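Chain residues, written in single-letter form:
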Amino acid sequence: MDSKQIREKYIKFFVERGHKVIAAAKLVPENDSSTLFTSSGMQPLVPYLLGQAHPSGKRLVDSQPSFRAEDIEEVGDSRHTTYFEMLGNWSLGDYFKKEQLPWIWEFLTQELKLPKEKLYVTVFEGGNGVPKDIESFEIWKSLGVLEEHILFHGVSENWWSRSGAPDKMPAGEIGGPDSEVFYDFGNNNLLEIGNSVFIEYQKQDDGSLKELAQKNVDFGGGLERITAAVVSSPDVFQTDIYEPLLKKIEEVTGVKYADGKDKMQVIADHLRAAEALIADGVIPSNKLQGYVLRRLLRRSAVKLHLLNPKADLSSIASEKIVKDEIEKFGKTLDRGLKEIEKINQIDGKAAFDLYQTFGFPYEVTEELFRQKGQEINREQFREEFEKHKELSRTASSGMFKGGLADQSEIVTKYHTATHLLHQALRDVLGSQVFQKGSNITSERLRFDFSFDRKMTDEEIKQVEDLVNKKIAEDLKVERKIVSLEEAKKMGAIGLFYEKYKDKVMVYAIGNYSKEICGGPHVSRTGVIGRIKITKEEAISSGIRRIRAQIVLK
Ligand code: SER
């Protein structure tokens, strides 16, 4: 059985149990400014786990490509990857433990034929005011899981939220106790292959956990790891998923996998991740997602160079953007590494020079020196960076970890204000205006749109006044679930037509604006207050960017 068959079996298994297949979200989240990447299957589903109706119903199944930038430096062993495919099934306030655990057990032991002697499960032992999960324990036992294979753990192991244990969760985040399944490769080598999270709590402002109105199931299992278990390979890289790539790396370097494992694992993971990010529209740059992509490619180039200085990474990659980026870096890589040899004691300034002159991402330099037992002062690096008027927001902001889709009141107001702004721009400038991007924080909204010249002061004022007029009219915001056809007929605007197969959610603001969107939004525009456009600028040819803030009346 290969990974493709495993994915098909999983989807089929849950479809037969009433689940609807949903399309995977993009790796760059579309409605969540709190994080750079989609890092789990639940992330795009947060509004629905919180109670909003999902167009496809209450039982969902999918395979979600996920990327965890915070794990970049973990890669280089047999089990870690930054990029993986997460098989997921969800109950949005529908079934719960007594369906979920037997199904997962049946899938693993009957469909995939994993022997129960090799499977271990963990159960929440209680903590932070949440009781011990006796129910899951009883269910596992009744399924015939060996009793000594059922282990209890506390919040550090058997609690899942985007941010980790309950005390790490910011207000508003959701999570709950979970029950994991591990596969035993022998000699104490256990690998987690799936996790059923019972999402039933939300962190409150006062730090307490409150039960959600609905009890949800969020199962996630890494396809790479499940495949490793099925083929009994303790190394996830030695599966059909990576083998073709590893073979190419062996050819290009002339080094056998067994002799260069850690470096080859990095290259294989990072190239696979890079190609997926590029497919979702990311291009190498010095900012945000683009910077992470650049880091992946340059880190791979360094590892390849260490395996064989003559090997050419661009000959492994099939993607033009990868080839171009590597070629650019290749010109300075060798000289940069020689320069590094000469440095006795690295400091922030030298790290900046390596970045500036040779294109070494800070983190790559940091890793190379860490291997020599030297740490760099990141503050110093940053100061140099600022001096040069280039701000790498990724390098300097803590966005990797991220939160959940921000559901706070202020962000919700900004979401609705963005719809009004979109429509107002079309009214004032013409219907060639279309959303090209949007990013919201609790401090401002940022909106990118197609338009081929600078807006005049008069136009900016007209747009601002029009949005404020619509706010003052206190229009009702209504949500409808309709087919894509109907949405188009209604004249709803929306960026992401192609993503939706079945039904879509449309938000209508009075008779003024209709837009395809997952929300969340305020229920009446009046609560927004007033907006002020603070900036209008070009970001690339034909694309303008507006920043606006909600201000006091
Ligand atoms: N949300 C859980 C995880 O990411 C299970 O899907 O592990």
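In what follows, the accompanying structure is described. Because the structure is a prediction, the values reported are computed rather than measured.

### A word on unusual backbone geometry
The backbone of Asn-128 shows a phi angle near 55°, a positive value even though the residue is not glycine. Phi angles above zero are rare outside glycine, and Ser-232 is one such case at about 55°. Within the fold, Ser-232 resides in the loop between helix H5 (223–230) and helix H6 (243–253).

### Looking at the nonpolar core
With 100 residues, the main nonpolar core has Phe-67, Leu-108, Leu-114, Trp-140, Ile-193, Ile-249 and Phe-360 as its most contacted residues. Sequence-distant contacts of Ile-193, that is, excluding residues within four places in its chain, are made with Leu-108, Leu-114, Leu-119, Val-181, Phe-182, Tyr-183, Gly-221, Gly-222, Arg-225, Ile-226 and Ala-229. One finds Val-197, Leu-420, Val-433 and Ile-440 within the second-largest nonpolar core, a separate group that totals 47 residues.

### Observations concerning the site of the ligand
Neighbouring the ligand are the residues Ser-40, Met-42, Arg-68, Met-86, Trp-160, Asn-195, Val-197, Asp-218, Phe-219 and Gly-220. Trp-160 places a side-chain nitrogen or oxygen 3.4 Å from an oxygen atom of the ligand. Between the ligand and Asp-218 there is a distance of 2.6 Å, counted from a nitrogen atom to a side-chain nitrogen or oxygen. Calculation on the ligand without its partners gives an accessible area of 230 Å², and the protein chains cover 95% of this total. Of all elements in the fold, only strand E8 (190–203) and strand E9 (209–222) reach the threshold of two or more residues within the shell around the ligand. Counting residues per element, the shell around the ligand draws most heavily on E9, at three residues.

### Some points on the packing of H6 against helix H7 (residues 257–279)
Contact pair H6 / H7: the axes reach a minimum separation of 10 Å and the direction vectors enclose 120°. With respect to each other, H6 and H7 are oriented oblique. In the crossing of H6 with H7, the sense of the turn from one axis to the other is right-handed. Across the interface between the two elements, Leu-245, Leu-246, Ile-249, Glu-250 and Thr-253 of H6 pack against Tyr-257, Met-264, Ile-267, Ala-268, Leu-271 and Arg-272 of H7. Broken down by class, the residue content of the contact of H6 with H7 amounts to eight nonpolar, one polar and two charged.

### Describing the environment of Phe-369
Locating Phe-369 in the fold gives a position in helix H11 (residues 362–370). It is 30 Å that separates the C-alpha atoms of Phe-369 and Glu-319, two residues lying 50 residues apart in sequence. Not counting residues up to four positions away in its chain, the partners in contact with Phe-369 are Ile-340, Ile-343, Ile-346, Leu-354 and Gln-374.

### Here we look at the pairing of strand E15 (residues 530–540)
Here E15 pairs with strand E16 (residues 543–551) via nine bridges, running antiparallel. Residue Ala-538 lies in a different strand from E16, and its bridge partner there is Arg-544. Turn length for the E15-E16 hairpin, with the two strands adjacent in sequence and antiparallel, is two residues, and the turn residue Gly-542 shows positive phi of about 80°.

### Notes on the side chain of Arg-444
For Arg-444, the position within the fold is in the loop between strand E10 (435–440) and strand E11 (445–450). Looking at Arg-444, its side chain comes within polar contact range of the side chain of Asn-439, at 3.0 Å. Once you skip the residues sitting within four places of it in the chain, Arg-444 turns out to touch Tyr-414, Asn-439, Arg-547, Ala-548 and Gln-549.

### Side note on the pattern of salt bridges
The tally for this structure, following the rule as stated, stands at 38 salt bridges. We note a salt bridge from Arg-453 to Glu-459, for which the minimum N-O separation is 2.8 Å. For Arg-453, a relative accessible area of 36% puts it in the partly exposed group. Asp-474 is the partner of Arg-524 in a salt bridge, and the nearest nitrogen-oxygen pair spans 3.4 Å. Placement of the pair is Arg-524 in the loop between strand E14 (513–516) and E15 and Asp-474 in the loop between helix H15 (457–472) and strand E12 (477–483), with a sequence separation of 50 residues. With relative accessibility at 36%, the residue Arg-524 sits in the partly exposed group. Salt bridges linked by common partners bring Glu-73, Arg-295, Glu-363, Glu-366, Arg-370, Glu-375 and Arg-378 together as one network.

Each value, and the rule that gives it
Residues numbered from 1 in each chain as written. Predicted model: local features only at pLDDT ≥ 70, side-chain atom pairs only at ≥ 80, totals over all residues. Heavy atoms only, no water. Helix = DSSP H or I, 4+ residues; strand = E, 2+ residues; numbered from the N terminus. Core = buried A, V, L, I, M, F, W, Y, C linked by side-chain atoms within 4.5 Å. Buried < 20%, exposed > 50% of the residue type's maximum accessible area, 1.4 Å probe, protein only. Contact = heavy atoms within 4.5 Å. Near = heavy atom within 4 Å. Polar contact = N/O pair within 3.5 Å; in protein donor to acceptor, adjacent residues only side chain to side chain. Areas by Shrake-Rupley, 256 points an atom, 1.4 Å probe, with all protein chains shown as cover. Axes fitted to C-alpha atoms, helices over the stretch in contact; angles between N-to-C directions. Parallel < 35°, antiparallel > 145°, perpendicular 65-115°, else oblique. Left-handed = near helix turned anticlockwise from the far one by under 90°. Nonpolar A, V, L, I, M, F, W, Y, C, P; charged D, E, K, R; others polar. Pairing = 2+ DSSP bridges. Salt bridge = Lys/Arg side-chain N within 4 Å of Asp/Glu carboxyl O.

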